[in-house]
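Topology and contacts: notes
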Amino acid sequence: MQLLRDSNFLPIAIAVVLFSFVFADQSVASAKASGIWYHVRQGDTVWDIARKYKVSHNSILKANRIQSEKRIHIGKKLFIPGAFPEQQYGTWYKVKHGDTLSRISVNHGVPISNLVWQNRLKSADHLQENQKIFIPNLHSSGFAPPMRIKLVLTSNYGYRRHPVLKRRMFHHGIDFRARKRTRVYASKSGKIVRSGWRSGYGNYVLIKHAEGFETLYGHLYIIRVKNRQYVKKGQVIALSGNTGRSTGPHLHFEIRKNGKSINPIHYLNLR
Ligand SMILES: [Zn+2]
């Protein structure tokens, strides 16, 4: 109480609290958006490029400060936030006469559900000849879905208008619909390097995996692991919730590579 009466103390205390709050939040939210440069080719549209690299159309427009499609011309260099060189994601396959999704699935060793998801197909049996199907490369990933419910994506990776802060921000993960108290599983084996509470993420867990990968799980209700603990892929680490900056119960899921966020959709094995 003596200290509080000192008129100099309060502003300093507030500044210290604010500083540590901001600083602490930065330490976990420090993932930077990665990306690549792309040379526009004949016939390219921003929509094509966005589809190719699985990023949002808007994130390309925003990153390159372009207002409309009309500003794209052959040879122009565009920055594609969140993208990696094409071959890291997989390959494109041109549908032949008589092809079925199940045959493509078997031939390439990729589950049908994943092909449907990745290509935003309405159903598995409406393939057209010459249609291009993206075949994801799942060999290097091995990230399991963080929940064992039917996964419904409610927010994509990339630029978006933040639902709480109401300004344009880069969304470093993807959001899955999840009722409060849904079990959350480690997507891959690893070590808990951070867990606890941060203003944006609410209760969160950060797991460090091999080869510079990390996964982050946010807005949790209850955390069931401790820092420095090792967890196995598929082990329950938390129950989902609605903590932190969140407008409703969901799971925020990130994958990072060497400290930079990457689009989890390219790495999740949605078997
Ligand atoms: Zn999110």
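Placed above this text is the structure.
This section reports on the structure supplied with the text. (Residues numbered from 1 in each chain as written. Predicted model: local features only at pLDDT ≥ 70, side-chain atom pairs only at ≥ 80, totals over all residues. Heavy atoms only, no water.)

The next point concerns the overall build of the protein chain. Of the regular secondary structure elements, the protein chain holds 6 helices and 17 strands. Per-residue burial for the protein chain yields a buried fraction of 45% across its 271 residues. Considering only residue pairs separated by 6 or more positions, the protein chain has 64% of its internal contacts joining residues 24 or more positions apart. Accessible surface computed for the protein chain: about 15200 Å², of which carbon and sulfur atoms make up 53%. (Helix = DSSP H or I, 4+ residues; strand = E, 2+ residues; numbered from the N terminus. Buried < 20%, exposed > 50% of the residue type's maximum accessible area, 1.4 Å probe, protein only. Contact = heavy atoms within 4.5 Å. Areas by Shrake-Rupley, 256 points an atom, 1.4 Å probe, with all protein chains shown as cover.)

Taken across its 8 residues, strand E16 (residues 250–257) has 7 buried, putting it largely inside the fold. Bridging between strand E9 (residues 174–177) and E16 involves 4 bridges; their strand directions are antiparallel. In the sheet register, Asp-175 faces E16, and the bridge partner there is His-252. Where strand E13 (residues 213–223) meets E16, 6 bridges bridge the pair, whose relative direction is antiparallel. (Pairing = 2+ DSSP bridges.)

Together, Arg-51, Lys-94, Arg-120 and Lys-132 make up a positively charged patch on the protein surface. In this structure Lys-132 comes out as partly exposed when scored by relative accessible area, which is 46%. (Patch = residues over 30% accessible without salt bridge, like charges linked within 9 Å, V, L, I, M, F, W, Y side chains within 5 Å. Salt bridge = Lys/Arg side-chain N within 4 Å of Asp/Glu carboxyl O. Lys, Arg positive; Asp, Glu negative; His and termini not counted. Charge placed at Lys NZ, Arg CZ, Asp CG, Glu CD.)

Following the criterion strictly, the structure yields 3 salt bridges and no others. Residue Arg-160 pairs with Asp-175 through a salt bridge whose shortest N-O separation is 3.4 Å. In this pair, Arg-160 is assigned in strand E7 (residues 158–161) and Asp-175 in strand E9, connecting sequence segments 15 residues apart. In terms of burial, Arg-160 and Asp-175 fall into one category: buried.

So, on to unusual backbone geometry. The phi torsion at Glu-211 lies on the positive side, around 60°, for a residue other than glycine. When you line up the elements, Glu-211 lands in the loop between strand E12 (202–208) and E13. On the accessibility criterion, Glu-211 (56% relative accessible area) is exposed. The phi angle at His-219 is positive, at roughly 65°, despite the residue not being glycine. Taking relative accessible area as the criterion, His-219 reaches 5% and is therefore assigned buried.

This next bit is on the side chain of Ser-187. Its place among the elements puts Ser-187 in the loop between strand E10 (183–185) and strand E11 (190–198). Of note is the side chain of Ser-187, whose polar atom sits 2.7 Å from the backbone oxygen of Ala-144. In this view, Ser-187 contacts Gly-142, Phe-143, Ala-144, Thr-215, Tyr-217, Lys-233, Phe-253 and Leu-268; residues no more than four positions away in its chain are not counted. (Polar contact = N/O pair within 3.5 Å; in protein donor to acceptor, adjacent residues only side chain to side chain.)

Right, let's talk about the side chain of His-57 for a bit. Take His-57: it is sitting in helix H4 (residues 57–63). On the basis of relative accessibility, which here comes to 15%, the residue His-57 falls in the buried class. Within polar-contact distance, the side chain of His-57 engages the side chain of Trp-47 at 3.5 Å. Setting aside residues no more than four positions away along its own chain, His-57 makes contact with Val-46, Trp-47, Ala-50 and Glu-69.

With respect to the element layout, Met-169 can be found in strand E8 (residues 168–171). For Met-169, a relative accessible area of 24% gives the class partly exposed. With 10 residues separating them in the primary sequence, Met-169 and Tyr-159 have C-alpha atoms 5.6 Å apart. Aside from chain neighbours lying at most four places away, what touches Met-169 is Gly-158, Tyr-159, Arg-160 and His-162.

Attention now moves to the coordination of the zinc ion. Donor atoms from the polypeptide that bind the zinc ion are His-171 (NE2), Asp-175 (OD) and His-252 (ND1), placed at 2.0 to 2.2 Å. When the donors of the zinc ion are listed by position in the chain, the intervening gaps give H-x3-D-x76-H. Linking His-171 in strand E8 with His-252 in strand E16, this pair joins segments that are 81 residues apart in sequence. In terms of burial, His-171 and His-252 fall into one category: buried. (Donors = N, O, S within 2.8 Å, 3.2 Å for Na, K, Ca; no water.)

Considering the arrangement of structural elements, one finds Ala-210 in the loop between E12 and E13. Counting along the chain gives 47 residues from Ala-210 to Lys-257, while the straight-line C-alpha distance between them is 10.0 Å.

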